[in-house]
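Listed below, chain by chain, are the residues.
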Amino acid sequence: MPDQDFDPDDNFANGFEPGMELDDEAGTEALLWQLLLLINPGDEETALRQFAACRDALAEDEDADPAWLLKDAIDWTSGFYIDAADTASLIDAVNELVSRWNLRIDWGVEDPTDEDFLAATDVPALMATAYDRLREYDYTLWTWNTGDDAHAGWIASRRDDEAMQAIAHALGIELRAASDAF
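What comes next is a walk through the structure.

About the thresholds
- Residues numbered from 1 in each chain as written.
- Predicted model: local features only at pLDDT ≥ 70, side-chain atom pairs only at ≥ 80, totals over all residues.
- Heavy atoms only, no water.
- Core = buried A, V, L, I, M, F, W, Y, C linked by side-chain atoms within 4.5 Å.
- Buried < 20%, exposed > 50% of the residue type's maximum accessible area, 1.4 Å probe, protein only.
- Helix = DSSP H or I, 4+ residues; strand = E, 2+ residues; numbered from the N terminus.
- Contact = heavy atoms within 4.5 Å.
- Pairing = 2+ DSSP bridges.
- Axes fitted to C-alpha atoms, helices over the stretch in contact; angles between N-to-C directions.

Focus on the nonpolar core
L35, L36, L70, W154, M164, I173 and L175 are the most contacted members of the largest nonpolar core, which totals 30 residues. Those elements that place two or more of their residues in this core are α1 (28-39), α2 (44-60), α3 (66-74), β2 (139-144), β3 (150-157) and α7 (161-171). Element by element, the count of residues in this core is highest for α1, at 8 residues.

Okay, here's the thing in C-alpha cells:
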C-alpha cells in the first residue's frame, strides 16, 4: 500500500483505500471538514458554511464533543436529531435530507404521515426502512450514539462507507449504519 501523507487540501481524494487507516496526526478541524464533505456530497458550499459554524464553536470551546458540534451545524440541512419516539419528525427529516438529491423514500405505506401508521412503528424501524431504500440509490443512512433519549444521523454516499467509519472513529463518534440503530 502506498505511503500517503495527510493533506487537508486534497479532501482525502484517493486517500481511502481498502484497509487504509486515517492519519493519527489529523486535527479535529481537518476531520470535521472531511466528514462535512462526506455528508454533503457535491455541495462544498454547504460544507463550508457548516464548517465555519463548527470552527466558531471550537474556538469557543476547544474541548467540545465533535458530534455535538456537527449536530448543531448540520441539523435539518445535512443531518437530523430527533426525540426517540418522534416517528413523524424522522420521516420529515429524512424526506428533507433526500430531497437534496431529488430522491423519495418509499416508507411502505401510501401515507407515511397517517397517525395509525406512525403509532404502529418506531424510529429504529423507520431508520432501517430508510437505510434499505437509500442503499438502492447508493447512499447510506448513518446514526450516531447521542447518549440520551434521541436519535441522530446523516446521509453519505455508499462509496464513502469506509471513510465515514474511519473519520467518525477518529473524532470519537460512535457511528453505525441506521439499519442497526442505537
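Here the narrative resumes.
Observations regarding the side chain of H151
Turning to its location among the elements, H151 is positioned in strand β3. Owing to a relative accessible area of 6%, H151 belongs among the buried residues under this scheme. Once you skip the residues sitting within four places of it in the chain, H151 turns out to touch F80, Y81, I82, A84, V123, P124, M127, T146 and F182.

A look at the sheet that holds β3
Spatial ordering of the open sheet is given by β1-β3-β2-β4, a layout of 4 strands whose pairing is antiparallel. Sheet topology places β1 (79-83) and β4 (175-177) at the edges, where each strand pairs with a single neighbour. Strand-to-strand twist across the sheet, computed as the mean angle between neighbouring axes with direction ignored, equals 30 degrees. In this structure, β2 lies alongside β4, joined through 3 bridges in antiparallel fashion. When the bridges of β4 are listed, W144 appears paired with L175. In the packing of α7 onto the sheet, contacts are made with β2, β3 and β4, and the angle to β2 comes to roughly 20 degrees.

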